[in-house]
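# Observations on chain architecture
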Amino acid sequence: MNEPTPSGTHEEDAEVDAIVAKGPRGALAVAGVAVAIVIAMWFLFYFLAFLPRGVIH
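First, a word on scope: everything that follows refers to the structure included in this document. (Residues numbered from 1 in each chain as written. Predicted model: local features only at pLDDT ≥ 70, side-chain atom pairs only at ≥ 80, totals over all residues. Heavy atoms only, no water.)

## Remarks on the overall build of the protein
Counting secondary structure elements, the protein contains two helices and zero strands. Of the roughly 5,600 Å² of accessible surface on the protein, 70% is carried by carbon and sulfur atoms. (Helix = DSSP H or I, 4+ residues; strand = E, 2+ residues; numbered from the N terminus. Areas by Shrake-Rupley, 256 points an atom, 1.4 Å probe, with all protein chains shown as cover.)

Here it is, written out as structure tokens:
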């Protein structure tokens, strides 16, 4: 059977470790933007659809 070859060098491993150590900033930014869009859509729907209808008795 063939032995698997290492995919990277020690320099590449150190670079990956440095990137991972910084944390998931990009993923958090994307999630934050998505949440902000959903909240903005909720407020728009509330102010443009519910409030103009007034109080229903």
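## Overview of a nonpolar patch on the surface
Together, V35, I39, W42, F43, L44, F45, Y46, F47, L48, F50 and L51 give the surface a local cluster of nonpolar side chains, amounting to about 1,200 Å² of exposed area. Since its relative accessible area comes to 44%, L51 is described here as partly exposed. (Patch = residues over 30% accessible without salt bridge, like charges linked within 9 Å, V, L, I, M, F, W, Y side chains within 5 Å. Salt bridge = Lys/Arg side-chain N within 4 Å of Asp/Glu carboxyl O. Buried < 20%, exposed > 50% of the residue type's maximum accessible area, 1.4 Å probe, protein only.)

## Some details on helix α1 (residues 10-21)
Given 3.6 residues per helical turn, the α-helix brings residues three or four places apart onto the same face. With 12 residues, α1 ought to run about 16 Å at 1.5 Å a step, and its terminal C-alpha atoms sit 16 Å apart, in line with that. Judged by how many residues are buried, α1 sits mostly at the surface: zero of 12 residues are covered. Phi turns positive one or two residues past the end of α1, at G23, with a value near 95 degrees. (Expected span 1.5 Å × (residues − 1).)

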